[in-house]
Number of protein chains: 4
Amino acid sequence: MLFSSELKQASQPIIEAIYKDPFIQGMLKGNLPKDVIKYYLRADASYLKEFANIYALLIPKMQELEDVQFLVEQIQFIVDGEVEAHEILADFVNEPYNEIVKEKVWPPSGDHYIKHMYFNAYAKENAAYTIAAMAPCPYVYQVIAKQALQDELLNNDALLKEWFVFYSTEMDELVHVFDNLMDKLTQNCTNQEKHAIKDCFLQSTVHERNFFNMSVTEEVWSYGGDNNE
Amino acid sequence: MLFSSELKQASQPIIEAIYKDPFIQGMLKGNLPKDVIKYYLRADASYLKEFANIYALLIPKMQELEDVQFLVEQIQFIVDGEVEAHEILADFVNEPYNEIVKEKVWPPSGDHYIKHMYFNAYAKENAAYTIAAMAPCPYVYQVIAKQALQDELLNNDALLKEWFVFYSTEMDELVHVFDNLMDKLTQNCTNQEKHAIKDCFLQSTVHERNFFNMSVTEEVWSYGGDNNE
Amino acid sequence: MLFSSELKQASQPIIEAIYKDPFIQGMLKGNLPKDVIKYYLRADASYLKEFANIYALLIPKMQELEDVQFLVEQIQFIVDGEVEAHEILADFVNEPYNEIVKEKVWPPSGDHYIKHMYFNAYAKENAAYTIAAMAPCPYVYQVIAKQALQDELLNNDALLKEWFVFYSTEMDELVHVFDNLMDKLTQNCTNQEKHAIKDCFLQSTVHERNFFNMSVTEEVWSYGGDNNE
Amino acid sequence: MLFSSELKQASQPIIEAIYKDPFIQGMLKGNLPKDVIKYYLRADASYLKEFANIYALLIPKMQELEDVQFLVEQIQFIVDGEVEAHEILADFVNEPYNEIVKEKVWPPSGDHYIKHMYFNAYAKENAAYTIAAMAPCPYVYQVIAKQALQDELLNNDALLKEWFVFYSTEMDELVHVFDNLMDKLTQNCTNQEKHAIKDCFLQSTVHERNFFNMSVTEEVWSYGGDNNE
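Residues numbered from 1 in each chain as written. Chains lettered and ligands numbered in written order. Predicted model: local features only at pLDDT ≥ 70, side-chain atom pairs only at ≥ 80, totals over all residues. Heavy atoms only, no water.

## Comments concerning the overall build of chain A
The secondary structure content of chain A amounts to 13 helices and zero strands. Sequence-ordered secondary structure for chain A, helices as α and strands as β, is α-α-α-α-α-α-α-α-α-α-α-α-α. The C-alpha radius of gyration of chain A comes to 17 Å, within 12% of the 17 Å expected for a compact globule of 229 residues. Once the C-alpha set of chain A is aligned to its principal axes, its extents read approximately 50 × 40 × 30 Å. The buried share of chain A, taken over its 229 residues, is 60%. Of the contacts formed within chain A by residues at least 6 apart in sequence, a portion of 82% connects residues at least 24 apart. Summed over its atoms, the accessible surface of chain A is roughly 9500 Å², and 46% of this surface lies on carbon and sulfur atoms. Taking the 18 positively charged and 36 negatively charged side chains of chain A as two groups, their mean positions are separated by 4 Å. (Helix = DSSP H or I, 4+ residues; strand = E, 2+ residues; numbered from the N terminus. Rg over C-alpha atoms; globule rule 2.2 N^0.38 Å. Buried < 20%, exposed > 50% of the residue type's maximum accessible area, 1.4 Å probe, protein only. Contact = heavy atoms within 4.5 Å. Areas by Shrake-Rupley, 256 points an atom, 1.4 Å probe, with all protein chains shown as cover. Lys, Arg positive; Asp, Glu negative; His and termini not counted. Charge placed at Lys NZ, Arg CZ, Asp CG, Glu CD.)

This is the structure we're talking about:
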């Protein structure tokens, strides 16, 4: 089995749990509270800005021109900021996306996820560690969206269905590129290194779960102060 | 008010919460389960190894010889590994410290704390950010230990009382040095930078709370796999 | 005077020396040896690959979206690799550019220049230091090209004249953006920091001079071994 | 042959050249100008401060406690600053060492050497690269000092003879530790990685040569400005 397949397979129990958690169930039934969606969009905006930085930190680790080109395109994509999935959620909330994300949030679970990615980008020369920290993001969305579209509980009348439609195909290429990079970059890795990279991947899958859950609970730092920025 | 005093004052609500949480209350009454203490010692051993690395990463950020000397002494202290407080807990558990920590743990809350410190050491040139991430550790122990020794609920017959006795005085110098460094390194900081540094300090105080709590719940990663190393 | 103007003014004596050195004089008279040009193109290809990496390392240091967009465009430009100036030189040599740069060189003076840029990107949080290390590259080419076009010694019949024509206008925008970034990023710097940033700029101007000179002497590492890669 | 032996053997031609260069020949005959020695001591003081920082950056790369302890001892040694070899040179110059090094120098060749070490410490996860950048320092001094003591041209009456006596034995342990680290850390390296590490070692040997030569010429940056700090 390819190492990328092994990673994805090992993450199935976590993805199943994400699917059953309130966020995705609310999306499925079309009744996720609007405040939860606004919180999610705000946290996601903070996260995406850092995700672009992480892509940038990977550029000097790449030997091949086409891998640098891929990274540059991904940064460009985030910087351009035209993500259809965001617009679907903003439409549901019935407020302009740019208005929603003017309010910034930086919750503990998002902080953990982001610092997990930075740690691997800074401390690990082999980009495979950082790819492992990033790859669960598109993969989890892809798997959940495809499953949702097959789910008889899906509310076909709800606007939110389009969110699943979007992610059911739009992540395919990115998942494919991440898989190939993972397999290429771990070719000469020892079993010990692969074990560490697998942990890195599974931890980010758990972070994905925490990210959805923190949106439902509208998580804040318990020192009672204002948010991070 | 000195900036270091402002930080310490702002952290009081979190420290009060730590004091009331099960870990410190169990220490106070002398009835903390031995498994909890073993888990705590294992997590702390992982944490200390990284704490030494963080001290090392600060060395190139320092301009003055005496600050480098302080950092080298702190690393030396951790590397030598003769921490009386550990021996007190190992005696209570009635197993040799080195045997207890042979089993490694790397729980989510500890991971977050450690990656918070690394992020600041890697991304922030001014050492004040990293000092802010480190300083709550000795400070929380100092405040709690002093308070416990005044607490009429303290079980004076319990071996664990010695743990409080140790921390009630042994952190004084380190807290003092961290305070001075904090005040010196933030002299030319803007209010925005100071706000970020304060968040950094308060987040680590929350991480201290999570660290004790994760020991009580014997927290593990929810992907069901083995631990991180 | 703007800080960016102060830097550029301080570099004039070095730029005058570059103009009088054999490389530019050979370009001017249209009689620079073809081996020198091939060596220069090879060294420049190694340099540009690292220059793209340095741009990438600056992305996480930027607060504003438009600055990230500028950096992404610059990386894209280098990665696309269609530099007219290279084609002019390759035409003069009468060999395809891609054939010429298949042979790699990594000479000592180029190594120093590149490690100067990396040091500032890694060690300095404020991007102004790295911008100072990068900015002399387009600026030196711009000044020299404009001066050459006014120089009565310019060989108007030589193909190499086009190299000056290209750089006399094509660097204008990049120099302008670097100037603005420099002035913006140093607004809150102390005089001591500005002094260090100025050294950083002047050192890179000296590295530009060494870069041309190493091409004329076809510099190699004196341990007699093969080149660096 | 051990990889560490291969590196040392490959550096012999450079070390022979260093021996014949004016600095060592002046030391040997006891007639090196005092200004040259003062310049060397000043440049060496700048270099040693950074060398301590490089040791610190290696600490997080180490897996084994004894390697961390070695690094801490080396930093401690530099920070304590009692280097007998410096005192011998200061005695020859007949000025107190601390007075001599109050004037700072930061010449181009020293800058290149130091940024070579930082680059490897920052960009390379495997400490072998940085060890390769550091190891020529003690090794070159050891080889040259042993050779000088056998050389019939050595001025036995000169105070400077003691400098060779010091380095003929005092580097033995450090060379030994570096050799062992190099062999241990490159055990799983590919041939391509070993080739890069070898280049790293040979480049630093060339930097050692440049360091002595820059002292003889009292090298300065050609922008005519003041020194770097």
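## A few points about the interface of chain A and chain C
With 16 residues of chain A at the interface, the matching set in chain C holds 16 residues. Buried surface at the junction of chain A and chain C, summed over both partners, amounts to about 1400 Å²; 68% is from carbon and sulfur atoms. By the criterion of area lost to chain C, the three top residues of chain A are Pro60, Val72 and Val79 of chain A, representing 33% of everything that side buries. Counting the contacts that link chain A with chain C gives zero residue pairs in polar contact (both at pLDDT 80 or more). (Buried area = accessible area lost by both parts, 1.4 Å probe. Polar contact = N/O pair within 3.5 Å; in protein donor to acceptor, adjacent residues only side chain to side chain.)

## Some thoughts on the pattern of salt bridges
For the structure shown, the criterion picks out 44 salt bridges over all chains. Residue Lys184 of chain A pairs with Asp67 of chain A through a salt bridge whose shortest N-O separation is 2.6 Å. One end of the pair, Lys184 of chain A, is in helix H12 (residues 172-185); the other, Asp67 of chain A, is in helix H5 (residues 65-80), and 117 residues separate them in sequence. Looking at Asp67 of chain A, the relative accessible area reads 9%, which means it is buried. The residue Asp172 of chain C makes a salt bridge to Lys146 of chain C at a minimum N-O spacing of 3.4 Å. Taken together, the residues span a long stretch of sequence, with Asp172 of chain C in helix H12 (residues 172-185) and Lys146 of chain C in helix H10 (residues 136-150) at a distance of 26 residues. Residue classification places Asp172 of chain C among the partly exposed residues on the basis of a relative accessible area of 31%. (Salt bridge = Lys/Arg side-chain N within 4 Å of Asp/Glu carboxyl O.)

## A look at the relation of the copies chain A and chain C
Least-squares fitting of chain A to chain C yields an RMSD of 0.0 Å, with the transformation described by 0.0 Å of translation along the axis and a rotation of 180°. Viewed as a symmetry operation, the transformation between the two copies matches a two-fold axis. Identified as the residue of chain A closest to the rotation axis by C-alpha distance is Ala56 of chain A, at 2.5 Å. Of the residues that chain A buries at the interface, 100% are likewise interface residues in chain C, meaning the two copies contact each other through the same surface. (Least-squares fit on C-alpha atoms with pLDDT ≥ 70 in both.)

## Examining the interface of chain D and chain C
Listed by partner, the interface residues are 24 residues for chain D and 23 residues for chain C. For the pair chain D and chain C, the summed buried surface comes to about 2200 Å²; carbon and sulfur atoms form 62% of the total. A per-residue breakdown of the area chain D buries against chain C is headed by His112, Lys115 and Tyr223 of chain D, which together make up 28% of the total. Run the count over chain D and chain C and you get zero salt bridges. On inspection of chain D and its partner chain C, the count reaches seven residue pairs in polar contact (both at pLDDT 80 or more). Residue assignment for the side of chain D that touches chain C shows that the elements contributing at least two residues are helix H8 (108-123) and helix H13 (191-217) of chain D. In terms of residue count, H8 of chain D provides more of the side of chain D that touches chain C than any other element does, nine residues in total. Its residues assigned to classes, the side of chain D that touches chain C shows ten nonpolar, eight polar and six charged. (Nonpolar A, V, L, I, M, F, W, Y, C, P; charged D, E, K, R; others polar.)

## As for the environment of Ala85 of chain D
Assignment of secondary structure puts Ala85 of chain D in helix H6 (residues 84-93). On a C-alpha basis, the gap between Ala85 of chain D and Phe119 of chain D in space is 28 Å, while along the polypeptide they are 34 residues apart.

## Things to note about helix H2 (residues 12-20) of chain A
Because each turn of an α-helix spans 3.6 residues, side chains separated by three or four positions end up pointing in the same direction. Listing the buried residues of H2 of chain A in full gives Ile14, Ile15, Ala17, Ile18 and Tyr19 of chain A. The inward-facing, buried residues of H2 of chain A contact helix H3 (22-29), helix H10 (136-150) and helix H13 (191-217) of chain A.

## Side note on the side chain of Ser46 of chain C
Residue and element names in this part refer to chain C. Assignment of secondary structure puts Ser46 in helix H4 (residues 34-58). With a relative accessible area of 13%, Ser46 lands in the buried category. A polar atom in the side chain of Ser46 sits 2.9 Å from the backbone oxygen of Val105. Setting aside its immediate chain neighbours within four residues, Ser46 contacts Val105 and Trp106.

## Concerning the state of the cysteines
Covalent bonding between the sulfur atoms of two cysteines defines a disulfide. Applying the stated rule across the entire model yields zero disulfides over all chains. We note that Cys200 of chain B lacks a disulfide partner, and the nearest cysteine sulfur, in Cys189 of chain B, lies 12 Å from it. The closest cysteine sulfur to the non-disulfide-bonded Cys137 of chain D is located on Cys200 of chain D, 14 Å from its own sulfur. Accessibility expressed as a relative area gives 16% for Cys137 of chain D, which makes it buried. (Disulfide = S-S within 2.5 Å.)

## Focus: unusual backbone geometry
Only a minority of non-glycine residues have a phi that is not negative, and only a minority of peptide bonds are not trans. Even without a glycine there, the phi angle at Asn94 of chain A is positive, about 70°. Topologically, Asn94 of chain A is positioned in the loop between helix H6 (84-93) and helix H7 (97-100).

## Looking at the packing of helix H2 (residues 12-20) of chain C against helix H3 (residues 22-29) of chain C
Residue and element names in this part refer to chain C. Two elements in contact, H2 and H3, have axes separated by 4 Å at closest approach and are oriented at 55°. Comparing the axis directions of H2 and H3 gives the class oblique. Taken together, the residues of H3 that come into contact with H2 (itself represented by Ile18, Tyr19 and Lys20) are Pro22, Ile24, Gln25 and Leu28. When the residues that make up the contact of H2 with H3 are grouped by side-chain class, the tally is five nonpolar, one polar and one charged. (Axes fitted to C-alpha atoms, helices over the stretch in contact; angles between N-to-C directions. Parallel < 35°, antiparallel > 145°, perpendicular 65-115°, else oblique.)

## Quick notes on the UniProt feature "domain: Thiaminase-2/PQQC" (unreviewed entry) in chain A
Taken from the UniProt record, the annotation "domain: Thiaminase-2/PQQC" (unreviewed entry) applies to residues 10-216 of chain A. Summarising residues 10-216 of chain A: 78% helix, 0% strand, and an end-to-end C-alpha distance of 26 Å. (UniProt positions renumbered as here; feature names shortened; annotations may be inferred.)

## Some details on a negative patch on the surface
Residues and elements named next belong to chain A. The grouping of Asp80, Glu82, Glu84, Glu87, Asp91, Glu162 and Glu170 at the surface amounts to a negative patch. For the negative patch, the secondary-structure elements that each account for two or more residues are H6 and helix H11 (161-170). Tallying contributions element by element places H6 first for the negative patch, with three residues. Among the structural elements, Glu87 can be located in helix H6. Residue class for Glu87 comes out partly exposed when judged on its relative accessible area of 38%. (Patch = residues over 30% accessible without salt bridge, like charges linked within 9 Å, V, L, I, M, F, W, Y side chains within 5 Å.)

## Description of the confidence of the model for chain A
All names here are of chain A. When pLDDT is averaged along chain A, the result is 95, and 97% of the positions lie at 70 or above. Under a pLDDT of 50 for its full length, residues 225-229 has, in the predicted model, twelve contacts with residues more than four places off or in other chains. Listed scores for the predicted complex are pTM 0.95 and ipTM 0.95. (pLDDT = per-residue confidence, 0-100.)

## Considerations on the packing of aromatic side chains
The description of an aromatic ring pair rests on the distance of the ring centres and on the angle between the ring planes. A full pass over the atoms with the stated rule returns 90 aromatic pairs over all chains. Plain terms: the ring middles of Tyr122 of chain C and Tyr122 of chain D are 5.3 Å apart, the flat faces sit at 25° to each other, and that makes the pair stacked. One end of the pair, Tyr122 of chain C, is in helix H8 (residues 108-123); the other, Tyr122 of chain D, is in helix H8, on a second chain. When its relative accessible area of 27% is taken as the criterion, Tyr122 of chain C is described as partly exposed. Geometrically, the ring pair formed by Tyr141 of chain D and Phe212 of chain D is tilted, given 5.5 Å between the ring centres and 45° between the ring planes. Of this pair, Tyr141 of chain D sits in helix H10 (residues 136-149) while Phe212 of chain D sits in helix H13; the two residues are 71 residues apart in sequence, bridging distant segments of the chain. With respect to class, Tyr141 of chain D is no different from Phe212 of chain D; both count as buried. Over the ring of Phe92 of chain B we find Lys34 of chain B; its NZ or CZ atom is 5.8 Å from the centre of that ring. (Phe/Tyr/Trp six-rings, centres within 6.5 Å; stacked < 30°, edge-to-face > 60°. Lys NZ or Arg CZ within 6 Å of the ring centre and 35° of its normal.)

## Some words on the nonpolar core
The biggest cluster of nonpolar side chains holds 370 residues, and the ones touching the most others in it are Trp163 of chain A, Trp163 of chain B, Trp163 of chain C together with Trp163 of chain D. Counting residues per element, this core draws most heavily on H4 of chain C, which supplies 15 residues. (Core = buried A, V, L, I, M, F, W, Y, C linked by side-chain atoms within 4.5 Å.)

## Quick word on the side chain of Ser168 of chain D
When you line up the elements, Ser168 of chain D lands in helix H11 (residues 161-170). Here Val165 of chain D takes part through its backbone oxygen, which lies 2.7 Å from a polar atom of the side chain of Ser168 of chain D.

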